[in-house]
Amino acid sequence: MNDTSTSLSSPLLGGGGVVFGLLMIIALWKVFTKAGRPGWAAIIPIYNIYTLLKVAGRSGWWLILLLIPVVNIVVAIIVSLDVAKAFGKGGLFGFFGLFVFSIIGYLILAFGGARYTASPA
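Residue positions within a chain follow its written sequence, with the count starting from 1. Only residues with pLDDT of at least 70 are given local features in this predicted model, and only at 80 or more are side-chain atom pairs given and counted; all residues enter the totals for whole chains, interfaces and linings. Heavy atoms throughout the structure, all of them, feed into the side-chain values; hydrogens and water do not.

S.K.: I would appreciate a short explanation of helix 3 (residues 47-55) in the present structure.
M.R.: One full turn of an α-helix is made of 3.6 residues, so residues set three or four places apart face in the same direction. In this scheme, a residue with accessible area under 20% of its type's maximum is buried, one over 50% is exposed, and one in between is partly exposed, where area comes from a 1.4 Å probe on protein chains only. A run of DSSP states H or I qualifies as a helix once it reaches four residues; a run of E qualifies as a strand once it reaches two. Both are numbered from the N-terminal end. Buried within helix 3 we find Asn-48, Thr-51, Leu-52, Leu-53, Lys-54 and Val-55. Contacts are residue-level and defined by heavy atoms, with any inter-residue pair within 4.5 Å sufficient. Packed against the buried residues of helix 3 are helix 2 (16-34), helix 4 (62-65), helix 5 (71-86) and helix 7 (102-111). Gly-57 sits one or two residues past helix 3 and shows a positive phi near 85 degrees.

This is the structure we're talking about:
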């Protein structure tokens with residue numbers, strides 16, 4: 001017995017990664033453009049992380065730290081806090097909004113009233 005309605009909706013419901021990925025690309029695109037960076041960087045793997053590091057005011061060399069297990073968690077938290085600060089948000093928003101609930105936090109930065117206040121690095 002083949003239920004086509006379930007198989008047709010699985011990329012959207014069961015495979016939430018597709019929807020999550022698209023929403024994250026949209027949010028990062030807008031965040032990057034607000035920060036004066038190219039929006040298309042959101043769709044290029046690894047370069048999008050490099051661009052996020054630049055938005056956070058960090059050196060591109062921090063990308064290497066993201067490859068080290070356990071260290072990458074600490075670095076991701078620091079980058080989340082720095083991105084929040086760059087958009088005039090506090091540490092709680094950085095941790096919970098951008099690190100823990102990243103899709104929601106980045107959509108808030110992208111489509112909310114937050115302005116990029118840091119000077120471009």
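S.K.: Help me understand the nonpolar core, please; the structure alone is not making it clear to me.
M.R.: Grouped burial of nonpolar side chains is what soluble globular proteins tend to show. In terms of nonpolar packing, the biggest core is built from 27 residues, with Val-79, Val-83, Phe-87, Tyr-106 and Leu-109 touching the most fellow members. Secondary-structure elements contributing two or more residues to this core are helix 2, helix 3, helix 5, helix 6 (91-100) and helix 7. If near-sequence neighbours (up to four positions away) are discounted, Val-83 is found in contact with Leu-52, Ala-56, Leu-98, Tyr-106 and Leu-109. Residues enter a nonpolar core if they are buried and are Ala, Val, Leu, Ile, Met, Phe, Trp, Tyr or Cys, with the set joined through side-chain atoms within 4.5 Å.

S.K.: Can you walk me through the packing of aromatic side chains in this structure?
M.R.: Two rings from Phe, Tyr or Trp (for Trp, the six-membered ring) form a pair when their centres are within 6.5 Å of each other. A pair whose planes differ by under 30 degrees is stacked, one over 60 is edge-to-face, and the rest are tilted. Counted according to the given criterion, the structure contains five aromatic pairs. Taking 5.7 Å as the distance between ring centres and 15 degrees as the angle between the ring planes, the aromatic pair formed by Trp-40 and Tyr-47 counts as stacked. The exposure class of Trp-40 is partly exposed, given its relative accessible area of 46%. With centroids separated by 5.9 Å and ring planes inclined at 20 degrees, the aromatic side chains of Tyr-47 and Tyr-50 adopt a geometry described as stacked. Here Tyr-47 pairs with Tyr-50, and both are found in helix 3, just three residues apart, close to one helical turn. Through a chain of ring-to-ring contacts, the aromatic side chains of Trp-40, Tyr-47 and Tyr-50 assemble into a single cluster.

Worth remembering: the numbers are spatial, not functional.
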